Amino acid sequence: MNFLKNIGKKAKHIAKSLLCKKVLMLAIVAACAISPALAADGIAGKLTEIGANFKGYVEPVRNIVYALAAICAVIGAFTIYFKMTNGEQDVKKTIMLTVGGCAGLVALATALPAMFD
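Cut-offs used in this document
- Residues numbered from 1 in each chain as written.
- Predicted model: local features only at pLDDT ≥ 70, side-chain atom pairs only at ≥ 80, totals over all residues.
- Heavy atoms only, no water.
- Helix = DSSP H or I, 4+ residues; strand = E, 2+ residues; numbered from the N terminus.
- Contact = heavy atoms within 4.5 Å.
- Areas by Shrake-Rupley, 256 points an atom, 1.4 Å probe, with all protein chains shown as cover.
- Expected span 1.5 Å × (residues − 1).
- Buried < 20%, exposed > 50% of the residue type's maximum accessible area, 1.4 Å probe, protein only.
- Phe/Tyr/Trp six-rings, centres within 6.5 Å; stacked < 30°, edge-to-face > 60°.
- Salt bridge = Lys/Arg side-chain N within 4 Å of Asp/Glu carboxyl O.
- Bend = angle between axes of the 7 residues up to and from the residue.

Within the chain, the secondary structure is distributed over five helices and zero strands. In the chain, the succession of helices and strands from N to C terminus is α-α-α-α-α. Long-range contacts, defined here as pairs at least 24 residues apart, represent 68% of the contacts in the chain between residues at least 6 apart. In the form shown here, the chain has an accessible surface area of approximately 9500 Å², with 74% of it arising from carbon and sulfur atoms.

Here it is in structure tokens:
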């Protein structure tokens, strides 16, 4: 326990040191000096470029979501089949969950391009 107290005292001493204060002040001044240069460089142009690049990923992500819906449907079908053959009571609940999950994924994939236009 004394070891931890000594480390805490040394950390406080280092934080109070003049060198630490100078380094912190230098970092603040550098950040303030760089920010106007970044703003003058055309942030709007960069955002437009990023948006255009991002729109290129919408169609592959949409296809992946459709594939996930198909996998969900296949796994759900097997689960429903096994529950029906075993005579379990919650078959209707499983059917509703599977259909709802697949419908949700398909709706998400359909609405995905509209979110990023």
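Glancing now at the side chain of lysine 83. Checked against the element boundaries, lysine 83 lands in helix α4 (residues 58-86). Dropping the residues within four chain positions of it, lysine 83 is found in contact with Glu88, Asp90, Val91 and Thr94.

The next point concerns α4. Given a rise of 1.5 Å per residue, 29 residues ought to cover 42 Å, and the 42 Å separating the end C-alpha atoms of α4 matches this to within 8%. Restricting attention to buried positions, one finds in α4 the residues Val58, Val65, Ala69, Gly76, Ile80 and Lys83.

For alanine 114, the position within the fold is in helix α5 (residues 91-115). Sequence separation between alanine 114 and valine 58 is 56 residues, and the spatial gap between their C-alpha atoms is 10.0 Å.

This part is about the packing of aromatic side chains. Ring pairs (aromatic) are described by centroid distance and by the angle formed between their planes. For the structure on display, the rule yields two aromatic pairs. Taking 6.5 Å as the distance between ring centres and 25° as the angle between the ring planes, the aromatic pair formed by phenylalanine 78 and phenylalanine 82 counts as stacked. Of the two residues, phenylalanine 78 and phenylalanine 82 are both situated in helix α4; the distance of four residues between them amounts to about one turn of the helix. Residue classification places phenylalanine 82 among the partly exposed positions, given a relative accessible area of 46%. The rings of Phe78, Tyr81 and Phe82 are connected pair by pair, giving a single aromatic cluster.

Quick look at the pattern of salt bridges now. Should the charged atoms of two oppositely charged side chains come close, the side chains can pair. Under the counting rule described, the total for this entry stands at two salt bridges. One salt bridge in this structure joins glutamate 59 and arginine 62, with 3.9 Å as the shortest N-O distance. Taken together, the residues glutamate 59 and arginine 62, both in helix α4 and three residues apart, mark about one turn of the helix. On the accessibility criterion, glutamate 59 (41% relative accessible area) is partly exposed. Between lysine 83 and aspartate 90 there is a salt bridge; the shortest N-O distance is 3.2 Å. Owing to a relative accessible area of 30%, aspartate 90 belongs among the partly exposed residues under this scheme.

Compared with an ideal rise of 1.5 Å per residue, which puts 25 residues at 36 Å, α5 spans 35 Å between its outermost C-alpha atoms and is within 8% of the ideal. Along α5, the sharpest kink reaches roughly 25°, centred on alanine 109 and followed within four residues by the proline proline 113. Here α5 has its buried residues at Val91, Thr94, Thr98, Cys102, Ala109 and Leu112. Against α4 lie the buried residues of α5.

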